[in-house]
Amino acid sequence: MEKGCEKKAVLLLANGMVFEGKSFGAEGCVIGETVFTTGMNGYLETLTDPSYYGQIVTQTFPLIGNYGDIAKDYESAKCNLRGYIVREWCQTPSNFRCGGDLNSYLKAQNIIGLYDIDTRKLTKILRETGVMNGMLISGDSAEAKEAFAALEDEGKKAELLKKIKDYSIVNAVASVTGSATGVEEPADVVFSESAKYRFVPVKADGTKINDPELAMKDGKGKKVVLWDFGAKANIRRELLKRGLEVITVPASYNAQQIQALNPDGIMLSNGPGDPAENVTIIEEIKKLLKTGIPIFGICLGHQLLALASGAETMKLKYGHRGANQPVKYLKTGRVYISSQNHGYAVKNETLPAGAVLSFVNTNDGTCEGLVYTNTPAFSVQFHPEACSGPLDTSFLFDEFVKLINNHEYFKNFKAEFERVDAIAYFASTIKQTKNR
């Protein structure tokens, strides 16, 4: 679509509601799980985050595309979401790093885009009813024309709605594993590129480490396996900045293959889909927990580690997606603003012995982090490698290095209050949220 050319596009929700707007990006029809994210910037990272696999993503921030397409900001080599919805698409981007425009990127990735709809109204609907399947119909292709015609016929529209309701995200991890390997860079390049924009390691006290030798000192000589369930490239970058050697392996690897690499630590990455569906991976994590190799899990990795330890997970009403999610560190009482992208959470009442709550979401009380005192492992639900997003919790990568160097590091970890009090805190917070 050239600038100024306006082709019709609509979002048809599973409840029958229609949002009519204009088309950009690719054309055609696609069904996905309709979600929203509240990030004010970082749309390129959203588009390339494998965790959005199978989803139609709505940006709540009204203006998207203003700094164009910047390949250096990609979290993976491919766009894995199903469709993209914005209020206003900036057709004339301006940035000294800009290498193209959003429309061209979406076309190249065959992603259907919809703009000029009331994204605020759509977000409110998703907040009230919960995540809902939807269909994007865009442009004047034969497929789109047939779908547009079906909207005018009650019988055919009912058939469309049935297809939409029947959609589910399947084989999510297997579909995205390895996505980030196409944008991997060596450690010296990672640190020099990051230093240009002061995206360097941040310590727990908030100070930045601009000296690469100092930042890498404690991790030098240590090897970490990054088990890729749909990893964001920045997880690897943050590990490299600490001096760690990183070996990325696909989700299909098993515990024996990982052990054969003789790692000093294992990183369980983020990824898409229902964590409980990854039965084989969960069984392999159980085996790794017996080896005593330090483990750090992020997002899906956090959930899989919890499931392997005996906890349960649940699907959230509309999930946490955006760069403004408050999490409380129970060890210190400090609240951090975090970047998040997940639709599932660990059930706090199912935590096994030896699993101590480390972070909670202060909006709804859900579990945001766990420390295991009976094995060298810990995990967080949010993204400490956030890019773009708050850097405040990137010190957790330093905690991983400390755990690698001292397997007893978390053995005496104690939260601000005991587990029973934390569960009461959850219940109270959730009750307050429902009454708002």
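Preceding this paragraph is the structure being described.
The rules behind these values
Residues numbered from 1 in each chain as written. Predicted model: local features only at pLDDT ≥ 70, side-chain atom pairs only at ≥ 80, totals over all residues. Heavy atoms only, no water. Phe/Tyr/Trp six-rings, centres within 6.5 Å; stacked < 30°, edge-to-face > 60°. Pairing = 2+ DSSP bridges. Helix = DSSP H or I, 4+ residues; strand = E, 2+ residues; numbered from the N terminus. Axes fitted to C-alpha atoms, helices over the stretch in contact; angles between N-to-C directions. Parallel < 35°, antiparallel > 145°, perpendicular 65-115°, else oblique. Contact = heavy atoms within 4.5 Å. Nonpolar A, V, L, I, M, F, W, Y, C, P; charged D, E, K, R; others polar. Buried < 20%, exposed > 50% of the residue type's maximum accessible area, 1.4 Å probe, protein only.

The subject of this paragraph is the packing of aromatic side chains. Enumeration according to the criterion identifies 19 aromatic pairs in this entry. One aromatic cluster is present, built from ring pairs that chain together Phe 296, Phe 378, Phe 397, Phe 400, Tyr 409, Phe 410 and Phe 413.

This part covers the pairing of strand E14 (residues 313-329). In terms of strand pairing, E14 meets strand E15 (residues 335-346) through 10 bridges, oriented antiparallel. Paired with Lys 315 across the two strands is Tyr 344, which belongs to E15. Where E14 folds back onto E15 in an antiparallel hairpin, the turn is made up of five residues, including Gly 333, whose phi is positive at roughly 85°. Pairing of E14 with strand E16 (residues 355-361) involves three bridges; the strand directions are antiparallel. In the sheet register, Tyr 329 faces E16, and the bridge partner there is Phe 359.

Let us now look at the packing of helix H7 (residues 187-196) against helix H9 (residues 233-241). One can describe the packing of H7 onto H9 by two numbers: an axis separation of 9 Å at closest approach and a directional angle of 95°. Taken together, the axes of H7 and H9 lie roughly perpendicular to each other. Across from Ala 187, Val 190, Phe 191 and Ser 194 in H7, the residues of H9 making contact are Arg 237, Leu 240 and Lys 241. By residue class, the composition of the contact of H7 with H9 is four nonpolar, one polar and two charged.

Further remarks concern the sheet that holds strand E17 (residues 367-372). Consider a sheet: its strands pair through backbone hydrogen bonds, and that pairing is either parallel or antiparallel. Taken together, nine strands build an open sheet; the order of strands is E11-E10-E12-E13-E18-E17-E16-E14-E15 and the sheet is mixed. On the outer flanks of this sheet lie strand E11 (245-250) and E15, each paired with one strand and no other. Direction aside, the axes of adjacent strands within the sheet are offset by 25° on average. Bridging between E17 and strand E18 (residues 377-380) involves four bridges; their strand directions are antiparallel. Opposite Gly 369, over in E18, you have Val 380 as the bridge partner. Contacting strand E10 (223-228), E11, strand E12 (265-268) and strand E13 (295-298), H9 runs over the sheet at an angle of about 155° to E11. In this fold helix H11 (residues 279-289) packs onto E10, E12, E13 and E18, with an angle of close to 160° to the strand it touches most, E10.

Another point: helix H13 (residues 395-405). The element H13 is largely enclosed, with a buried count of nine among its 11 residues. Within H13 the residues assigned to the buried category are Phe 395, Leu 396, Phe 397, Asp 398, Glu 399, Phe 400, Val 401, Leu 403 and Ile 404.

Function cannot be read off these values alone, since they describe shape.
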